[in-house]
Amino acid sequence: MTATEELIDSFPETGRHDIRKLFERFHFTESQKLEIAKDEADLRQWKEESFIHIADYPEIEKRKDGRKGEAYLSQHRAYMKTLRKEETDYSTFFPEVHPRLKYRTEMIDKPIVLGRCPCPVDGEKTRCCKLTTMDPVEQCAFSCSYCSVQSFYSEKEIHAVSNLREKLDSLTIPEDVWHIGTGQASDSILFGDDYSTLSALSDFARKHKNIIIELKSKSGRDVFSSREYPRNMFFTWSLNAPTIIEKEEHLTATLEKRLENAARARDNGNLVGFHIHPMVYFRGWEDEYTGIVRMIEEKFTPDEIAMISIGTLTFTKSVLKKLRENGEESRVLEMELTPAAGKFSYPLDVKEKMFRTVYSSFSEQFRNNIFFYLCMEDPSLWKPVLEREYSSDKEFEMDMKQNYFRKISRP
Ligand code: SF4
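## A closer look at the overall build of the protein chain
The helix and strand tally for the protein chain stands at 17 helices and 16 strands. Counting across all 411 residues of the protein chain, residues that qualify as buried make up 37%. Nonlocal contacts in the protein chain, meaning residues at least 24 apart in sequence, comprise 79% of its contacts between residues at least 6 apart.

Right under this line is the structure:
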């Protein structure tokens, strides 16, 4: 079965019928058919009218040179280009949220392994901090529409690694590992200590003072009131504009709740961090993202924050394919999908505009006393956005390390 047929098969019946009729009516090459099918899948997810229903057929039929397919395609491309280029309009978008299938959580006896951050591509085309990853929990109960975790693991089961403490005790840690993140395969605190994950990680961090454990979350779950964590455990929250949280980060905590939870971590003596990520280019983005900056500055001092990263939507080919096939209502793909180091993202000028707006709205005191970085981004964006840059990933990694440990050692 071709990729086009596979995608069309995931459409509802009327969509399948319409697109097959179109392919019978005009001549298209195989790659043109795939392009049309992908765009139709996108329009369906965005809850926009199918272009098949709104094309100007009298105009297309005027073509006498037999190239009616091309005439259709040029109308189609112009329409898609306009939609993708504009800031996404969420004011007219009310997605139906598919409740997650009932899942069960199971302890599984799986070895604990250290992995590599999924961002690097050959040749340092994106600036990467070389985060080491560890997955004590696999799969997530939240339902962010842009997330690839959902499709990597079974929808029906969330796995927590059993006997984590013993496994961490016997783990061989390579000499160059100093920064381990647990938020790549699930939300790091969503399950609290239900499976003894947090207590095992705390013991591990206490034993290895030269390692930083970074937890990443969108949860409002209080895991701080009755528990203390070592200072080399960082609690970080992904923050997003309220519109994006409401329309795309389903089932997660609101922005206020995430920040309240971060304040609990801070009150408990831990350093916190924020990932303003993934930024979405939507109508109203400036106000809402700079609003996040104000909220951070009102609630925290620079000494309490270890890091702030800024980043945006980036998709691999296979994630794009999965998002299109699952067809859930979302406007995250209503963007110019520009090739970016083997993946697809916003064009550089759009990213620069968004990142600069966020960074420059932080006060000087915050900019000078917190380690800011761009997550998984083109190295050329660093200087115009953050007013500094690195010549290699190693240099970035070492600077991050120095900054983090300096913050940890402050009372
Ligand atoms: S919280 Fe993280 S892991 Fe969970 S669905 Fe959202 S992006 Fe995916």
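Now that the structure is up, let's keep going.
## Considering the nonpolar core
Met-233, Ile-276, Val-280, Ile-292, Ile-310 and Val-358 are the most contacted members of the largest nonpolar core, which has 80 residues in total. Those residues in contact with Ile-292 that sit more than four places away from it in its chain are Leu-239, Ala-241, Leu-255 and Ile-276. One finds Leu-7, Phe-11, Ile-19 and Phe-26 within the second-largest nonpolar core, a separate group that totals 10 residues.

## Let's talk about the sheet that holds strand β13 (residues 314–315)
With antiparallel pairing, the three strands of this open sheet are ordered in space as β13-β15-β14. The open sheet has two edge strands, β13 and β14 (338–340), and neither has a second partner. In the sheet, β13 pairs with strand β15 (residues 343–345) via two bridges, with the strands oriented antiparallel. Each bridged residue has a counterpart across the sheet, and for Phe-315 the counterpart in β15 is Phe-344.

## Concerning the sheet that holds strand β1 (residues 104–108)
Strands sit in the order β1-β6-β4 across an open sheet of three strands; the sheet is mixed. Only two strands of the sheet have a single partner each, and these edge strands are β1 and β4 (137–138). Relative to strand β6 (residues 157–161), β1 runs parallel, the two sharing five bridges. Residue Arg-104 lies in a different strand from β6, and its bridge partner there is Glu-157.

## Thoughts on the environment of Ser-196
Counting through the fold element by element, Ser-196 comes out in the loop between β7 (179–181) and α9 (197–207). Counting along the chain gives 90 residues from Ser-196 to Glu-286, while the straight-line C-alpha distance between them is 41 Å. Dropping the residues within four chain positions of it, Ser-196 is found in contact with Leu-164 and Arg-165.

## Side note on the domain arrangement of the protein chain
Splitting the protein chain by domain gives domain 1 (3–85) and domain 2 (104–409). Centre-to-centre, using C-alpha coordinates, domain 1 lies 37 Å away from domain 2. In this assembly, 12 residues from domain 1 lie in contact with 11 residues from domain 2. Listed by contribution, the elements that provide at least two residues to the side of domain 1 that touches domain 2 are α3 (30–45) and α6 (68–85). Among the elements that take part in the side of domain 1 that touches domain 2, α3 stands out by supplying five residues, more than any other. The class makeup of the residues in the side of domain 1 that touches domain 2 is four nonpolar, two polar and six charged.

## Notes on unusual backbone geometry
The peptide bond linking His-277 to Pro-278 adopts the cis configuration, its omega dihedral lying at -5 degrees. Even without glycine at this site, Lys-130 takes up a positive phi of about 60 degrees. With respect to the helices and strands, the residue Lys-130 is situated in the loop between β2 (115–116) and β3 (132–133). On the basis of neighbour counts, which here come to 17 C-beta atoms within 10 Å, the residue Lys-130 falls in the partly exposed class.

## Structural notes on the site of the ligand
Near the ligand the following residues occur: Cys-140, Phe-142, Ser-143, Cys-144, Cys-147, Val-149, Ser-186, Asp-187, Lys-218 and Thr-252. Looking at the shell around the ligand residue by residue, the classes come out as five nonpolar, three polar and two charged.

## Here's the deal with the packing of α3 against α6
To characterise two packed helices, one gives the angle between the axes of the helices and the distance between these axes. Where α3 contacts α6, the axes come no closer than 11 Å and their chain directions differ by 35 degrees. By crossing handedness, the relation of α3 to α6 is classed as left-handed. For the pair α3 and α6, contact is made by Gln-32, Ile-36 and Asp-39 and by Gly-69, Leu-73, His-76 and Met-80, respectively. For the contact of α3 with α6, the class distribution of residues is three nonpolar, three polar and one charged.

## A look at helix α12 (residues 285–299)
The end-to-end C-alpha distance of α12 is 21 Å, a good match for the 21 Å that 15 residues give at a rise of 1.5 Å each. Within the sequence span of α12, burial applies to Trp-285, Tyr-289, Ile-292, Val-293 and Ile-296. End-on, the buried residues of α12 take up no more than an arc of 95 degrees, which puts them together on one face. Opposite the buried face of α12, at more than 90 degrees from it, the exposed residues are Asp-287, Arg-294 and Glu-298.

## With respect to the pairing of β6
Along β6, four of the five residues are buried, which leaves the element largely enclosed by surrounding structure. Strand direction decides the pairing type here: β4 and β6, joined by two bridges, are antiparallel. Its bridge partner being in β6, Glu-138 is matched across the sheet by His-159.

Definitions and cut-offs
Residues numbered from 1 in each chain as written. Predicted model: local features only at pLDDT ≥ 70, side-chain atom pairs only at ≥ 80, totals over all residues. Helix = DSSP H or I, 4+ residues; strand = E, 2+ residues; numbered from the N terminus. Buried ≥ 20, exposed ≤ 12 C-beta atoms within 10 Å, placed from the backbone. Contact = placed C-beta atoms within 7 Å. Core = buried A, V, L, I, M, F, W, Y, C linked by C-beta atoms within 7 Å. Pairing = 2+ DSSP bridges. Domains from an automatic or database assignment. Nonpolar A, V, L, I, M, F, W, Y, C, P; charged D, E, K, R; others polar. Near = placed C-beta within 6 Å. Axes fitted to C-alpha atoms, helices over the stretch in contact; angles between N-to-C directions. Left-handed = near helix turned anticlockwise from the far one by under 90°. Expected span 1.5 Å × (residues − 1). Arc of directions from axis to C-beta.

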